[in-house]
There are 2 protein chains.
Amino acid sequence: MSQEKIAKPEVAPALGRRKFLNTAAIASIGTLVACTEKPATPGASVPASAPAAGGDHSAAANATHLKPGELDTYYGLWSGGHTGDMRVLGLPSGREIHRIPCFVPDALVGWGITNESKKIMGTKADGSLKYTVADTHHTHASYKDGNYDGRYAWINDKINARIARIRLDYFICDKITELPNVQGFHGIFPDKRDPVDEKINYTTRVFCGGEFAIPMPNTGIEDASKYRSLFSCVDAESMEVRWQVMIDGNCDLVASSYDGKLAATNQYNTEMGAHYEDMMSAERDACLFFNIARIEEAVKAGKFKTIGDSKVPVVDGTHEANKDPKTALTAYVSVPKNPHGVNASPDGKYFICAGKLSPTGTVIELTKVLEWFEGKLEKLDASIVAEVELGLGPLHTAFDGRGNAFTTLFLDSQVVKWNVEAAIKFHNGDKAAKYVVDRLDLQYQPGHLNASQSETKAADGKYLAVGCKFSKDRFLPVGPLHPENEQFIDISGEKMVLLADHPVRGEPHDFIIFKRDLVRPKQVYDLNEFPLAIKDPKESGVVRNGKKVTVKLTSQAPAFSMREFKLKKGDEVTLILTNLDKIEDLTHGFAIPKYNVNFIVNPQETASVSFIADKPGVFWCYCTHFCHALHLEMRTRMIVEA
Amino acid sequence: MSQEKIAKPEVAPALGRRKFLNTAAIASIGTLVACTEKPATPGASVPASAPAAGGDHSAAANATHLKPGELDTYYGLWSGGHTGDMRVLGLPSGREIHRIPCFVPDALVGWGITNESKKIMGTKADGSLKYTVADTHHTHASYKDGNYDGRYAWINDKINARIARIRLDYFICDKITELPNVQGFHGIFPDKRDPVDEKINYTTRVFCGGEFAIPMPNTGIEDASKYRSLFSCVDAESMEVRWQVMIDGNCDLVASSYDGKLAATNQYNTEMGAHYEDMMSAERDACLFFNIARIEEAVKAGKFKTIGDSKVPVVDGTHEANKDPKTALTAYVSVPKNPHGVNASPDGKYFICAGKLSPTGTVIELTKVLEWFEGKLEKLDASIVAEVELGLGPLHTAFDGRGNAFTTLFLDSQVVKWNVEAAIKFHNGDKAAKYVVDRLDLQYQPGHLNASQSETKAADGKYLAVGCKFSKDRFLPVGPLHPENEQFIDISGEKMVLLADHPVRGEPHDFIIFKRDLVRPKQVYDLNEFPLAIKDPKESGVVRNGKKVTVKLTSQAPAFSMREFKLKKGDEVTLILTNLDKIEDLTHGFAIPKYNVNFIVNPQETASVSFIADKPGVFWCYCTHFCHALHLEMRTRMIVEA
């Protein structure tokens, strides 16, 4: 179904369940949204599933409520939103097992307090942290043979254009890179194999979409038509930026193909507008494809420039420079109005864009995009094999591995299950093809969703999680700041069944769900991974070199290796603590009152802090992480002489 | 049963389930712990409940797994541990609905970023935060007529001796006070009525126990015998410190009586030792009582001193100064070895101390303590009406309102249910009195516990939550840092039934559970509560006074009131943002890339940030809190001219 065939009502859609949204604001966009309240096409005429009946739900409760001690079968990695960390969930229970600090200090771990974490986070010249806020959106993990391999995950900070890497053995952040000349770093996706080298069947690159167009370099010029955005490629191992592509329009979400040849980003602002009315003035925007092999050839051939102080090679991906398919680095496939979301189907065939301000889903066939790059497809938009109506405000799409797609409808507060091949048939003129399989009402206004293993070749169609942006009345009231509502859905049958509501602090955005046997976590650190490790309590002591003082301590429940230590006012102190306890789960904490120090050391971990001993007196440093029956008594005394 | 009657084995207890603890460390204290592995007395000879059978647990699942959209019936306020915030749970589901930032910055809210939050948290001379770490332990709420009244809750920061107040209408922290001359502020409890004025049947004071003895004032002297601890009283309304009491020994947990006359703290270090062996050298420590009316009379009469720079009156509560019961401000009741926990029974009659390194619970009758203060009881320890064996490592006690107490056994990894009146009978010689009613194995090493409404006269004996310090193998592995395990138990029947395991980030310590109708939350702010509020978008603009610039903005989905604003490099900027959206749950965020600014404004809230415009360029300030279909497009452009 082409865009032109969609009915355009002259009145705003009835507000119904979405009345909480600013009525004036909705009305003002209502006439701009090309959509109907009720599906206008036979393919879409499936009513929403009724709320789960009592009987269904009882079975559902058995699925999500594990008996005490029973383990979850799936991991979930969730972006933490503006808390700047990554959440680790167990599913189907929905229990949060861990939070991994990345971009923002974490007072539990001492992230942003220890020297080791500050080095990863980045500091200013005075040693203080460069940033203490973040806005994480998307998280994705490394691949091998089209499935997760349990090595790494990555997560983005939109505010400050940073990408963090998580080691999935220790579940810690080990590297952070700030992308040069990027503002509003939004989408992120690892590649799934190398576009050229067959042997590299695993992730070696991470693609990052820059959303806000800015001057290049960023001087304060006002004329927005001169602004540009960059698409960046980060090396998965070194975490250095390999190359960037300067483009027309912006980058929003990012997807990568299973053959490694293509990456893409949806563009909601091809108009390159500075105000929101301008950003939604065009009827169609784009899904922008990147030909990875050609880009890397261009870089190799020196066909790039650099911007400002950055040394990163930047190739030209604008329309103007990429008119010839046979040499083009980029390809702009047209999709309807302000799309949000581009997702790769697990069969490797399609990228699907959701229309946001258009009620449509657009299916793009990747072999056809590759044909265009080879000069074998005359019109690039012929790669669009379906464009069908799904409902109001489609945002993101997940898959069940059985040919069905699940798309969130923000304005309709629904998830719609639709069959991709049926949609293609319908688009090709078979009006009897019923592509919409089911609809389920959500509570309320869903953003991202993801299904178990959805973004791998092993998509298993078992569970679907949806991040609803508003919870309204679904939980006990807790003042003006409401939690969001993550809803958990059984998708194993024909009809979707809502299993559970989970409140969550804003704002998780995206997440992945995978089988628990895909990671191999380590529960105890290796002492040798820490250059400063104090391997024997006998090495403990205070080493003085003028004003520079090193305090060496070890912990073994229920005591630190020194009962007290003395400093002089003004000393420049580095305190190193190694936890010599080897037993799983035996973590210690170390707090210094009034000195703003607290951090933990897990079994066999070493951490250090540096501070000026500027306050004389007696300071009881104590263990802050319960360790032993004599935990309360586990202290050491820091005496700072005036 | 008196302390002397407890068998003292010469070998360490068998390790069994607690083998994860450092074996050497356990062994070293084993011989010091006056206890047996198996209960040695008939009163204690009840085997632990078997793990919940399938049938039982199925019913249990129905209790804790709410259907989607079903509301919880209880609130839980949980201390957040070293994340320095307060958690708000819904129970019985155990879902975390909210986190209230207090002592530590929170990047979601902008706590520690906005001027308003920085004022509450406290700053250094250069405007940066004084502290960014904390260690919250205990939270308790304000009372009226012996039950919670939904006005306030308080929470402590042990590291930096701070107390924070939470408004329970908006669920926000509104005041923080740092206690002078206190290190290791541990226990906290509000009073329940005035000791003198009958009309004041609600909370007006909060009592705070100082744990670590330090020099007074804190110079760096080494001789620990000269150190002292302070017990502090904070005014519930002004949050100023009313008075302090200098004591022998330390303060650990705190309890207050229902008649308002007594507060108490358990002391684990009456030895005033500086090393842990010294702290556990005595066979008995103490529960220290404070006579509130007399202390306030003494302050009124000018019988106090002040310490260092502090203006807070400090009265003398040491042994030496309080030998005469008729004038004594304090009374040291002896309890066995390193007690941890003192809890008031809901009938108002008793305080119960748990022995930690002694396997006993000690029941102290409050009328007898008052008799001693009146000179009517010859020996203070005659106020001990029971001292019975409970198991290994007793820590904290909760109540069901039906005469039963529930005490966590850290080393036994159990909770023991025991009947207080039966324990008194047993202690009085009735060896047939079976005071132990039930035992339940926990997973693993429980610290605090609390029952629904336990610390009020309305204790309802429905649910019990236990904070287990170690989770070991109860959840999917997530690297070296394990979650803790909060277990939720049905205590409505004779036998306890374990309902659910909940993983939680370290380390929650204490919590309270109360019926949902006791609070009356407000979901939208009152514009008039904010002096800087911009009440009309027309008031928006940039107001310049030399280098000092005020930027006034409002938000209404999907736009900020200004599309762009211009600054000059070096400007000292204060940006004020009022959210004019009035609809519940319609929160906006405001981020400035590269300027380390992100904060939210809830409906009708105003917040401000101050910064130096030191980086020239174009900066897209954007809404970070999903608000509308055009949320992504909701931006304003900050142009900083070089």
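The text that follows walks through the structure, step by step, so that each part is easy to find. Model, not experiment: these values are computed from the prediction.

Here we come to the overall build of chain A. Counting secondary structure elements, chain A contains 7 helices and 40 strands. If one aligns the C-alpha atoms of chain A with their principal axes, the spans along those axes are about 85 × 65 × 50 Å. A burial count over chain A gives 68% of its 642 residues as buried. Considering only intrachain contacts with a sequence separation of at least 6, the fraction spanning at least 24 residues in chain A is 61%. Per element, the accessible surface of chain A, about 20200 Å² overall, is 52% carbon and sulfur.

Residues and elements named next belong to chain A. With respect to topology, 5 strands assemble into an open sheet ordered β9-β10-β11-β12-β16, the strand pairing being mixed. Both edges of this open sheet fall to β9 (183-190) and β16 (314-316), since each of them pairs with a single strand only. Strand-to-strand twist of the sheet, defined as the mean angle between neighbouring strand axes without regard to direction, takes the value 25 degrees. Note: β9 against strand β10 (residues 205-212), 5 bridges, orientation antiparallel. The residue of β10 that forms the bridge with Ile-188 is Cys-208. Those strands touched by helix α5 (residues 292-300) are β10, β11 (229-235), β12 (241-247) and β16, and its axis lies near 105 degrees from that of β12.

For the rest of this paragraph, the subject is the relation of the copies chain A and chain B. Of the transformation placing chain A onto chain B, the axial shift is 0.0 Å and the rotation is 180 degrees, giving an RMSD of 0.1 Å. Here the two chains are linked by the operation of a two-fold rotation axis. Rotation axis and chain A: the residue whose C-alpha lies nearest the axis is His-65 of chain A, separated from it by 3.2 Å.

What follows concerns the interface of chain A and chain B. Contact with chain A, which involves 149 residues of that partner, is made by 149 residues of chain B. Taken over both partners, the interface formed by chain A and chain B buries close to 12900 Å², and the fraction arising from carbon and sulfur atoms is 61%. Connecting chain A to chain B are 10 salt bridges. Residue Lys-356 of chain B is joined to Glu-633 of chain A by a salt bridge in which the shortest nitrogen-to-oxygen separation is 2.8 Å. Counting every contact that joins chain A to chain B gives 66 residue pairs in polar contact (both at pLDDT 80 or more). The biggest single contributor to the side of chain A that touches chain B is strand β4 (residues 95-101) of chain A, with 6 residues. Within the side of chain A that touches chain B, the residues separate by chemical class into 80 nonpolar, 32 polar and 37 charged.

All right, on to the packing of aromatic side chains then. Summed over all chains, the structure comprises 50 aromatic pairs over all chains. Centroid distance Phe-212 of chain A to Trp-620 of chain B: 6.3 Å. Interplanar angle 50 degrees. Geometry classified as tilted. With Phe-212 of chain A in strand β10 and Trp-620 of chain B in strand β39 (residues 617-622), this residue pair bridges two chains. Both residues of the pair, Phe-212 of chain A and Trp-620 of chain B, belong to the buried class. Taken together, the ring pairs connect Tyr-75, Tyr-143, Tyr-148, Phe-171, Phe-189 and Phe-514 of chain A into an aromatic cluster. For Lys-192 of chain A, the ring lying beneath its charged end belongs to Tyr-143 of chain A, and the centroid distance is 5.4 Å. Just above the ring of Tyr-268 of chain B sits the side chain of Lys-356 of chain B; from NZ or CZ to the centre is 5.0 Å.

Our next topic: the sheet that holds strand β12 (residues 241-247) of chain B. Strand pairs in the sheet, formed through backbone hydrogen bonds, run parallel or antiparallel to each other. All names here are of chain B. Reading across from one edge, β9-β10-β11-β12-β16 is the order of the 5 strands in this open sheet, with mixed pairing throughout. Both edges of this open sheet fall to β9 (183-190) and β16 (314-316), since each of them pairs with a single strand only. Each adjacent strand pair in this sheet contributes to an overall mean axis angle of 25 degrees, direction not counted. Sheet topology note: the strand β11 (residues 229-235)/β12 ladder contains 6 bridges and is antiparallel. In the strand pairing of β12, Phe-231 is matched with Val-245. Relative to β12, helix α5 (residues 292-300) is tilted by about 105 degrees, and along the sheet it contacts β10 (205-212), β11, β12 and β16.

This part is about α5 of chain B. Residue and element names in this part refer to chain B. Those residues of α5 that fall on the buried side of the exposure criterion are Ile-292, Ala-293, Arg-294, Ile-295, Ala-298 and Val-299. Considering only its buried residues, α5 is in contact with β10, β12, β14 (262-267), β15 (284-291), β16 and α6 (366-373). Looking one or two residues beyond α5, the residue adopting positive phi is Gly-302, at roughly 75 degrees.

Regular strands place their side chains on alternate faces of the sheet. Residues and elements named next belong to chain A. The buried fraction of strand β40 (residues 635-641) amounts to 6 of the 7 residues, a majority that puts the element mostly inside the structure. As paired elements, strand β34 (residues 564-568) and β40 share 5 bridges and run parallel to each other. Bridge pairing in β40 links Lys-568 to Glu-641. Sheet analysis places strand β39 (residues 617-622) next to β40, joined by 6 bridges and oriented antiparallel. Paired with Trp-620 across the two strands is Arg-637, which belongs to β40.

This model, assessed by the stated rule, comprises 82 salt bridges over all chains. As a salt-bridge pair, Asp-460 of chain B and Lys-515 of chain B come within 3.9 Å of each other at their nearest N and O atoms. A residue pair is termed long-range when its members are at least 10 positions apart, and Asp-460 of chain B in the loop between β26 (446-451) and β27 (463-468) and Lys-515 of chain B in strand β30 (residues 511-515) qualify at 55 residues. Among the residues examined, Lys-515 of chain B registers a relative accessible area of 36% and is labelled partly exposed. Connected through shared salt-bridge partners, Asp-191, Asp-194, Arg-205, Asp-235, Arg-242 and Glu-296 of chain A make up one network.

Along the chain, Ala-557 of chain A connects to Pro-558 of chain A via a cis peptide bond; the corresponding omega equals 0 degrees. Note that Pro-558 of chain A resides in the loop between β32 (548-556) and β33 (559-560). With an omega dihedral of 15 degrees, the bond running from Leu-91 of chain B to Pro-92 of chain B counts as a cis peptide bond. Notably, Ala-161 of chain A is not glycine yet its phi reads approximately 55 degrees, a positive angle. Within the secondary structure, Ala-161 of chain A is located in the loop between β6 (147-157) and β7 (162-167).

Residues and elements named next belong to chain A. Relative to the helices and strands, Glu-387 is located in strand β21 (residues 384-389). According to the relative accessible area criterion, Glu-387 is buried, its value standing at 3%. Engagement of the side chain of Glu-387 in a polar contact is seen with the side chain of Arg-284, the distance being 2.8 Å.

Residue and element names in this part refer to chain B. Relative to the assigned elements, Thr-550 resides in strand β32 (residues 548-556). With 10 residues separating them along the chain, Thr-550 and Ser-540 place their C-alpha atoms 10.0 Å apart. In contact with Thr-550, not counting residues within four places along its chain, are Gly-541, Val-542, Val-543, Thr-574 and Ile-576.

Moving on: α5 of chain A. With respect to burial, α5 of chain A is a largely interior element, 7 of its 9 residues being buried. Of all the residues in α5 of chain A, the buried ones are Ile-292, Ala-293, Arg-294, Ile-295, Glu-296, Ala-298 and Val-299 of chain A.

We now examine the environment of Ala-405 of chain A. All names here are of chain A. Within the secondary structure, Ala-405 is located in strand β23 (residues 404-409). The buried category is assigned to Ala-405, whose relative accessible area is 0%. Apart from residues lying up to four places away in sequence, Ala-405 is in contact with Thr-397, Ala-398, Phe-399, Val-416, Lys-417, Trp-418 and Val-420.

About the cut-offs
Residues numbered from 1 in each chain as written. Chains lettered and ligands numbered in written order. Predicted model: local features only at pLDDT ≥ 70, side-chain atom pairs only at ≥ 80, totals over all residues. Heavy atoms only, no water. Helix = DSSP H or I, 4+ residues; strand = E, 2+ residues; numbered from the N terminus. Buried < 20%, exposed > 50% of the residue type's maximum accessible area, 1.4 Å probe, protein only. Contact = heavy atoms within 4.5 Å. Areas by Shrake-Rupley, 256 points an atom, 1.4 Å probe, with all protein chains shown as cover. Pairing = 2+ DSSP bridges. Axes fitted to C-alpha atoms, helices over the stretch in contact; angles between N-to-C directions. Least-squares fit on C-alpha atoms with pLDDT ≥ 70 in both. Buried area = accessible area lost by both parts, 1.4 Å probe. Salt bridge = Lys/Arg side-chain N within 4 Å of Asp/Glu carboxyl O. Polar contact = N/O pair within 3.5 Å; in protein donor to acceptor, adjacent residues only side chain to side chain. Nonpolar A, V, L, I, M, F, W, Y, C, P; charged D, E, K, R; others polar. Phe/Tyr/Trp six-rings, centres within 6.5 Å; stacked < 30°, edge-to-face > 60°. Lys NZ or Arg CZ within 6 Å of the ring centre and 35° of its normal.

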